Amino acid sequence: MSSLDTSCRTARGPLPAAPALTRARPLVIGLVLAVALLPMLLYPLGISGDYPNHLARVWIEHRLAASDALRENFVVDWGIYPDLAMDLFMRPLMTLTDPYTAGALFNVLAVAMLPLGVALLSRVTTGRVGLSVAASALLLYGKPLAWGFINFVFTAGLALCLFALWVRMRPGWPRTALFVLLMPVLFFSHVLGFLLFGYLMLAYEIGRFAAGERGRLTAFLRGLVLRDGLTAVLPLALFVASLRDRLSGLETEISGFGGLASRGQALVAPFDFDNGIAAVLVLAGCYLTLLVAFRRGWLTLTPALRPVFWASVALVLVVPAAFSGISFLHIRFGAIPAAILLAGATLTPAGRARALPLGAVLIGLLAVQQVVVHERMSFLDRAQSEVRAAVSVLPEGARVLVGADEVTPFVYRMNHAPAFAVIEADGYVANLFTNTSPVGVTERAQPLHRPQAWPLSAEELAEGARRAPSTSEAPNGIHDDYFHGWPRTFDALVWFTTPGGTLPDETHLREIERHETFRLYAVARGTE
């Protein structure tokens, strides 16, 4: 029996489960996770935020060689971009199906990676996949998914899966050799997943040393730095090399802690799919149930994961809100402590006697979450489908501006929905992310380019109409005046509006679509 097995199974550990419970466990876990993942299939455009932007970029990579219209505006230049999980998965799949179906399949996979990681980690540390794994469904619909950070969602789950593999393998050169090959995959999927894996691995190895399983201090440090550390050399070198391109033209804070309020946001983030009240309710219900279960001795946490759990709590409490141009860091890792806790949790004999009430609490919390998720995702799917249908009537290669009477939370979520014009009409959208991806713009389109731009206001549109188009070069290739002279350079405007909201001056515009939340205008090109 290995030292890990010894640390995870003691003489006082849980007794074998009853045959009926053992037989029912896979069915219960599978049913819970299937129900939890159902919204991802029912509402393929129910993820907003950055998601349409990422989808459009992958479409450009896939179709550029076949589209003259796309080649007028975009180029693809592969380099060191540690944010490519969707690109790596969807490119082969789009040879078989349309981009929306390919994106939906990737989204299901991305969301499923976290419970898969919990299940694998539970198996290698406790020897079983317990019912606590089903509770990881509560962690699927949080801020990272709601804001469209889909590459991070996938890679965070992948990091947990690879961490389980690290725990499963014995220390030595075979493990190091395998992870030297795996770490670049994790890095290019998303750099934050690579950093998360490294942090969890380090916490685990220190915990194993403290438990007396890694020999003397000198031998431990030599193995950690000179052997295990080799797994991080190439990704870290690539990360440093990628900094210049990633920081160029960002409209976000380069670094900052975010204050105490950001810590509260970090704790709630794993449960918050755009409904703060429900998120707090699920957060309180989840952690209070776990607290009572552990204090009463109904659940026990395997010793192998205790230092990893506390290290993950520290990560959530100290990670900055922004660093190196990567924004919203504080809301990304909030699910990790709960995932580690659930992976290492096992019902004791006393806990088995209370399995039904604990299960009832889980079902109740899942029901609350699912009501919110279905309502929100169905609304966003409908709203984004309307934008998709509207921009599909635009002529091929149309250049699209985005504006709004007010940047409300809804507009913040929908800001990138006009990127569907890239897919529907091989069009151009000025605020497409390019500084963090292989997709760039041509020299001709460069003056019209401003990635990560907010929607224009009516005042900015009026000012831009009075000015001549920009011809100067920006030092970093990013033009704040990209909308100057827009009646001569753009073909359409998507205008997000509220009832009674301000509409743009229609001197240069002709309305072609009207919906509850937006209007689509054609631009009378060439007018003054």
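Conventions adopted
Residues numbered from 1 in each chain as written. Predicted model: local features only at pLDDT ≥ 70, side-chain atom pairs only at ≥ 80, totals over all residues. Heavy atoms only, no water. Helix = DSSP H or I, 4+ residues; strand = E, 2+ residues; numbered from the N terminus. Rg over C-alpha atoms; globule rule 2.2 N^0.38 Å. Buried < 20%, exposed > 50% of the residue type's maximum accessible area, 1.4 Å probe, protein only. Contact = heavy atoms within 4.5 Å. Areas by Shrake-Rupley, 256 points an atom, 1.4 Å probe, with all protein chains shown as cover. Lys, Arg positive; Asp, Glu negative; His and termini not counted. Charge placed at Lys NZ, Arg CZ, Asp CG, Glu CD. Salt bridge = Lys/Arg side-chain N within 4 Å of Asp/Glu carboxyl O. Axes fitted to C-alpha atoms, helices over the stretch in contact; angles between N-to-C directions. Parallel < 35°, antiparallel > 145°, perpendicular 65-115°, else oblique. Left-handed = near helix turned anticlockwise from the far one by under 90°. Nonpolar A, V, L, I, M, F, W, Y, C, P; charged D, E, K, R; others polar. Phe/Tyr/Trp six-rings, centres within 6.5 Å; stacked < 30°, edge-to-face > 60°. Lys NZ or Arg CZ within 6 Å of the ring centre and 35° of its normal. Polar contact = N/O pair within 3.5 Å; in protein donor to acceptor, adjacent residues only side chain to side chain. Arc of directions from axis to C-beta. Patch = residues over 30% accessible without salt bridge, like charges linked within 9 Å, V, L, I, M, F, W, Y side chains within 5 Å. Core = buried A, V, L, I, M, F, W, Y, C linked by side-chain atoms within 4.5 Å. Pairing = 2+ DSSP bridges. pLDDT = per-residue confidence, 0-100.

**Quick notes on the overall build of the protein chain**
Item 1. Helix and strand counts for the protein chain come out as 22 helices and 11 strands.
Item 2. Since a compact globule built from 528 residues should have a radius of gyration of about 24 Å, the 25 Å found for the protein chain is in line with a globular shape.
Item 3. Seen through its principal axes, the protein chain has C-alpha atoms that stretch 85 × 50 × 45 Å.
Item 4. The buried share of the protein chain, taken over its 528 residues, is 57%.
Item 5. In the protein chain, 77% of the contacts between residues at least 6 apart in sequence involve partners at least 24 apart.
Item 6. Within the structure as shown, the protein chain displays about 22000 Å² of accessible surface, and the carbon and sulfur contribution to it stands at 64%.
Item 7. Distance from the positive charge centre (42 side chains) to the negative charge centre (39 side chains) of the protein chain: 18 Å.

**Structural notes on the pattern of salt bridges**
Close approach of charged atoms allows side chains with opposite charge to pair.
Item 1. Applying the stated criterion across every chain yields a total of 17 salt bridges.
Item 2. In this structure, Arg-388 engages Glu-424 in a salt bridge whose closest nitrogen and oxygen atoms are separated by 2.9 Å. One end of the pair, Arg-388, is in helix H18 (residues 355–391); the other, Glu-424, is in helix H20 (residues 420–425), and 36 residues separate them in sequence.
Item 3. Judged by its relative accessible area of 30%, Arg-388 falls in the partly exposed class.
Item 4. Take Glu-424: its relative accessible area is 27%, and that puts it in the partly exposed class.
Item 5. One connected set of salt bridges, linked through shared partners, spans Lys-143, Asp-272, Asp-274, Arg-376 and Arg-413.

**Considering the packing of helix H5 (residues 85–93) against helix H6 (residues 99–126)**
Item 1. Relative to each other, H5 and H6 sit at 130 degrees, their axes nearing to 9 Å. Judged on the interaxial angle alone, H6 and H5 are oblique. Both H5 and H6 take part in a crossing whose hand is right-handed. Each of Ala-85, Met-86, Phe-89, Met-90 and Leu-93 in H5 lies in contact with H6, whose residues at this interface are Pro-99, Ala-102, Gly-103, Leu-105, Phe-106, Asn-107 and Leu-109.
Item 2. The class makeup of the residues in the contact of H5 with H6 is 10 nonpolar, 2 polar and no charged.

**Some words on the packing of aromatic side chains**
Item 1. This structure, assessed with the given rule, holds 23 aromatic pairs.
Item 2. Ring centres of Trp-166 and Phe-179 lie 5.0 Å apart, and the angle between their planes is 80 degrees; on these two criteria the pair is classed as edge-to-face. Of this pair, Trp-166 sits in helix H8 (residues 150–168) while Phe-179 sits in helix H9 (residues 173–189), and the two are 13 residues apart along the sequence.
Item 3. Ring centres of Tyr-412 and Trp-454 lie 5.4 Å apart, and the angle between their planes is 35 degrees; this geometry places the pair in the tilted category. Of the two residues, Tyr-412 is situated in helix H19 (residues 409–414) and Trp-454 in the loop between strand S8 (439–441) and helix H21 (458–466); the sequence distance between them amounts to 42 residues.
Item 4. The ring of Phe-152 has Arg-332 sitting right over it, with the charged end atom 5.6 Å from the ring centre.
Item 5. Taking the ring centre of Tyr-428 as reference, the NZ or CZ of Arg-399 above it sits at 5.8 Å.

**As for unusual backbone geometry**
Item 1. Of note in the backbone geometry, Asp-274 takes a positive phi value of approximately 65 degrees without being a glycine.
Item 2. Here Asp-274 is to be found in the loop between helix H13 (260–268) and helix H14 (276–295).
Item 3. By relative accessible area, Asp-274 is classed as partly exposed at 23%.
Item 4. At Asp-426, a residue that is not glycine, the phi angle is positive and equals roughly 50 degrees.
Item 5. By the secondary structure assignment, Asp-426 is in the loop between H20 and strand S7 (428–429).

**Examining the environment of Trp-495**
Item 1. One can find Trp-495 in strand S9 (residues 492–496).
Item 2. Take Trp-495: its relative accessible area is 0%, and that puts it in the buried class.
Item 3. With 179 residues separating them in the primary sequence, Trp-495 and Val-316 have C-alpha atoms 38 Å apart.
Item 4. Here the side chain of Trp-495 touches Thr-502 through a polar contact of 3.1 Å, landing on its backbone oxygen.

**With respect to H21**
Item 1. When we look at burial in H21, the residues that qualify are Ala-458, Leu-461, Gly-464 and Ala-465. Down the axis of H21, the buried set is contained in an arc of 125 degrees. They therefore lie on one face. Across from the buried face of H21, at angles greater than 90 degrees, the exposed residues are Glu-459 and Arg-466.

**Digging into a nonpolar patch on the surface**
Item 1. Judged by side-chain polarity, Trp-173, Val-180, Leu-230 and Val-233 come together as a nonpolar surface patch covering roughly 380 Å² of accessible area.
Item 2. Position of Trp-173 among the secondary structure elements: in helix H9.
Item 3. Since its relative accessible area comes to 53%, Trp-173 is described here as exposed.

**What about the nonpolar core?**
Item 1. By size, the foremost hydrophobic cluster in this structure holds 164 residues, and its most contacted members are Phe-197, Phe-333 and Phe-496.
Item 2. Ranked by the residues each element gives to this core, the list is headed by H8, at 14 residues.
Item 3. Those residues in contact with Phe-496, other than ones at most four positions away along the chain, are Val-387, Val-402, Gly-403, Ala-404, Asp-405, Phe-410, Val-411, Met-414, Pro-418, Thr-517 and Phe-518.

**As for the packing of H9 against helix H10 (residues 191–210)**
Item 1. Interhelical geometry of H9 versus H10 gives an angle of 145 degrees and a closest axis separation of 7 Å. Residues Arg-175, Phe-179, Met-183, Leu-186 and Phe-187 of H9 form the contact with H10, whose participating residues are Val-191, Gly-193, Phe-194, Phe-197 and Glu-205.
Item 2. A breakdown of the residues in the contact of H9 with H10 according to their chemical character gives 7 nonpolar, 1 polar and 2 charged.

**Remarks on the sheet that holds strand S11 (residues 518–523)**
Sheet strands pair via backbone hydrogen bonds, and the direction of the pair is either parallel or antiparallel.
Item 1. Strand order in the open sheet formed by 5 strands is S7-S6-S9-S11-S10, and the pairing between neighbours is mixed. Lying at the two open borders of the sheet, with one neighbouring strand each, are S7 and strand S10 (509–514).
Item 2. One ladder, built from 5 bridges, connects S9 with S11; its direction is antiparallel. Looking at the pairing, Phe-496 lines up with Phe-518 of S11.

**Some details on the confidence of the model for the protein chain**
Item 1. Residue-level pLDDT values for the protein chain average 89, and 91% of them are 70 or greater.
Item 2. Segment residues 1–18 is flagged for pLDDT under 50; beyond a separation of four residues in sequence, or across chains, it makes 32 contacts in the model.

**Remarks on the environment of Pro-499**
Item 1. On the secondary structure map, Pro-499 appears in the loop between S9 and S10.
Item 2. Sequence separation between Pro-499 and Leu-202 is 297 residues; the distance between their C-alpha atoms is 53 Å.

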